[in-house]
Amino acid sequence: KKVLLSGIQPSGDLHLGNYLGAIKNWAELSDQFDCYWFMADLHTITVRQEAAELRRRTLTQIATYIACGLDPEKNTIFVQSHVHQHAELGWVLACHTMFGELSRMTQFKDKAAKHADNINAGLFTYPCLMAADILLYQPDFVPVGEDQKQHVEICRDVATRFNHLHGDVFKVPQPYIPKAGARVMSLNQPDTKMSKSIPEGCVFLMEKPEDIMRKFKRAITDSDTERCVHYDREAKPGVSNLMSIYSAITGESYEAIEAQFEGKGYGAFKPVVGEAVVELLRPIREETQRLLADKAYLEGVYRAGAEKAAYVAEKTLRKVYKKVGFLPR
Ligand code: TYM
């Protein structure tokens, strides 16, 4: 069986971009592949966090993964910090990653601009840890949204460099980017990706239906004169974003959506997209809440997940330590 792996930082409450760009596709793939899904909490502390909130979000994220259809019996679900091999391989890979390569990462540049008072070394070496997350499990594919493509590419470069120096140790994985939903934009700023940092343009998975509807009704559409529902990312980014959300949920093509709303305008389209999102998220929200009431179950899931992950990760780490010349324990 081919292996898949991906993770999400519990740095904010999960949102529609995380769902359509990542988790939805994971659930669809999880029957055919051997899958590892984790909470990237080590990555999260590159930005200052409130400890109790980070713990709450990490647990909620585990519940949401399960609520979105990742069956813990078939998927390995774990918390990154519970598997110490990530930090250990991260160090070795940091010693195989160049300063110049890291300086070119757009996520680093964005975050350094946003958190100018805390441009710490972890933020800079972030891609080395992410490469370790991936390479420990020798996956074939890494399903992520568009914004993580550059990180998977540097992971491939580092793996190739390491293999070149030390023989074939790592499988060089491919990014796997969905056709629809790979780049969900902010509802009120359709030139920026949807993220928790612009809460008014962001739909959180646990949000109340009336709040979701309000955000969709207020979504910025475009100021062109014929207010027709037509897909054009350049000229009509607002309505195109709504169309891509609607298409990712219903599976309908842009042509079909255009035909359905012909002559109806934005006013009719926005609440329809809102309703589709509300109905999509309702069972996920309810199931997440139900699971959160059973902490013992969730603990069982992440402990078993960490044990299984560590077993696989240790095999790769031992190989790496041998190749670089560490004395065996
Ligand atoms: P993170 O936590 O920012 O996002 C998690 C996943 O959600 C996707 N995503 C989006 N997709 C579409 N539209 C959006 N607006 C949107 N916002 C987020 C991301 O592409 C991602 O797939 N560095 C990673 C976490 C990570 C990781 C890994 C991922 C750490 N180690 C190893 C894969 C493999 C990150 O910050 O994603």
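What counts and what doesn't
Residues numbered from 1 in each chain as written. Predicted model: local features only at pLDDT ≥ 70, side-chain atom pairs only at ≥ 80, totals over all residues. Helix = DSSP H or I, 4+ residues; strand = E, 2+ residues; numbered from the N terminus. Contact = placed C-beta atoms within 7 Å. Near = placed C-beta within 6 Å. Core = buried A, V, L, I, M, F, W, Y, C linked by C-beta atoms within 7 Å. Buried ≥ 20, exposed ≤ 12 C-beta atoms within 10 Å, placed from the backbone. pLDDT = per-residue confidence, 0-100. Domains from an automatic or database assignment. Expected span 1.5 Å × (residues − 1). Axes fitted to C-alpha atoms, helices over the stretch in contact; angles between N-to-C directions. Parallel < 35°, antiparallel > 145°, perpendicular 65-115°, else oblique. Left-handed = near helix turned anticlockwise from the far one by under 90°. Nonpolar A, V, L, I, M, F, W, Y, C, P; charged D, E, K, R; others polar. Pairing = 2+ DSSP bridges. Right-handed = clockwise from strand over helix to strand, strands pointing away.

> Lay out the overall build of the protein in plain terms, naming residues and giving numbers.
On a plain count of helices and strands, the protein comes out with 13 helices and five strands. Projected onto its principal axes, the C-alpha positions of the protein cover 70 × 45 × 40 Å. Sequence-distant contacts in the protein: of pairs separated by 6 or more residues, those separated by 24 or more amount to 76%.

> Now, about the environment of E258: what can you tell me, with residues and values included?
Residue placement: E258 occurs in helix α11 (residues 254-260). C-alpha separation for the pair E258 and K319, spaced 61 residues apart in sequence, amounts to 55 Å.

> Before we move on, could you go through the site of the ligand and cite the residues and values that matter?
Around the ligand, the structure places 25 residues, and the nearest of them are Q9, G17, G21, V144 and G145. Listing elements by their share of the shell around the ligand, those giving two or more residues are β1 (3-8), α1 (16-29) and α7 (121-135). Looking at the shell around the ligand, the element that brings in the most residues is α1, giving four residues.

> Can you lay out the nonpolar core for me, pointing to particular residues and giving the numbers?
A131, L135, I245 and V277 are the most contacted members of the largest nonpolar core, which has 85 residues in total. Residue contributions to this core peak at eight residues, all from α7. Apart from residues lying up to four places away in sequence, I245 is in contact with L20, V184, V273 and V277.

> I'd like a rundown of the confidence of the model for the protein, residues and numbers included.
On average, residues of the protein score 95 in pLDDT, and 100% of them reach the 70 mark or higher. The complex prediction reports pTM at 0.95, with the ipTM value standing at 0.98.

> Describe the domain arrangement of the protein, listing the residues and the values that go with them.
On domain assignment, one finds that the protein holds domain 1 (3-182 + 295-324) and domain 2 (207-289). Of note, the centres of domain 1 and domain 2, computed from C-alpha atoms alone, are 31 Å apart. If you look at the interface, domain 1 gives nine residues, while domain 2 gives eight residues. Elements that contribute at least two residues to the side of domain 1 that touches domain 2 include exactly α1 and α3 (51-67).

> Quick rundown of the pairing of strand β3 (residues 75-79)? Include the residues and the values.
Counted residue by residue, β3 has five buried out of five residues, so it is predominantly covered. Because side chains alternate across β3, one face comprises the buried residues N75, I77 and V79, and the other comprises T76 and F78, equally buried.

> An account of α3 is needed here, citing residue identities and associated values.
Taking 1.5 Å as the rise per residue, α3 with 17 residues should run 24 Å; its terminal C-alpha atoms sit 24 Å apart, in good agreement. Of the positions making up α3, those classed as buried are R57, T60, Q61, I62, A63, T64, Y65 and A67. Looking at the buried side of α3, the elements it contacts are β1, α1, β2 (34-39), β3, α12 (265-292) and α13 (295-324).

> Please give an account of the packing of helix α4 (residues 85-94) against α13 that cites residues and values.
Following both chains from N to C, one finds α4 and α13 inclined at 25 degrees, their axes separated by 10 Å at the closest point. Relative to α13, α4 is oriented roughly parallel. By crossing handedness, the relation of α4 to α13 is classed as left-handed. Mapping the contact onto sequence places Q85, E88, L89 and V92 in α4 and A310, A313, E314, L317, V320 and V324 in α13. Split by residue class, the contact of α4 with α13 holds seven nonpolar, one polar and two charged.

> Tell me about the packing of helix α6 (residues 106-114) against α7, and name the residues and values.
For the pair α6 and α7, the least separation of the axes is 10 Å and the interaxial angle reads 165 degrees. Regarding the angle of α6 to α7, the classification is roughly antiparallel. Crossing angle aside, the handedness with which α6 passes α7 is right-handed. Contacts between α6 and α7 involve F108, K111 and A112 from the first element and L123, F124 and Y126 from the second. Residue classes in the contact of α6 with α7 are distributed as five nonpolar, no polar and one charged.

> How would you explain unusual backbone geometry if you had to name every residue and give the values?
Its identity as a non-glycine residue notwithstanding, Q138 has a phi of 50 degrees, on the positive side. Examined against the element boundaries, Q138 turns out to sit in the loop between α7 and β4 (141-143). What makes Q138 partly exposed here is the crowd of 18 C-beta atoms within 10 Å.

> Hey, could you go over the pairing of β2 for me, with residue numbers and the actual values?
Residues in a regular strand point their side chains to alternate faces of the sheet. Among the six residues of β2, five are classified as buried, and the element is accordingly described as predominantly covered. Inspection of the sheet shows β1 paired to β2 by six bridges, in the parallel sense. Looking at β2, one finds that S6 is bridged to W37. In this fold, β1 hands off to α1, which returns the chain to β2; that crossover is right-handed. Note that β2 and β3 share five bridges and pair parallel. Across the sheet, residue F38 finds its bridge partner in β3, namely F78.

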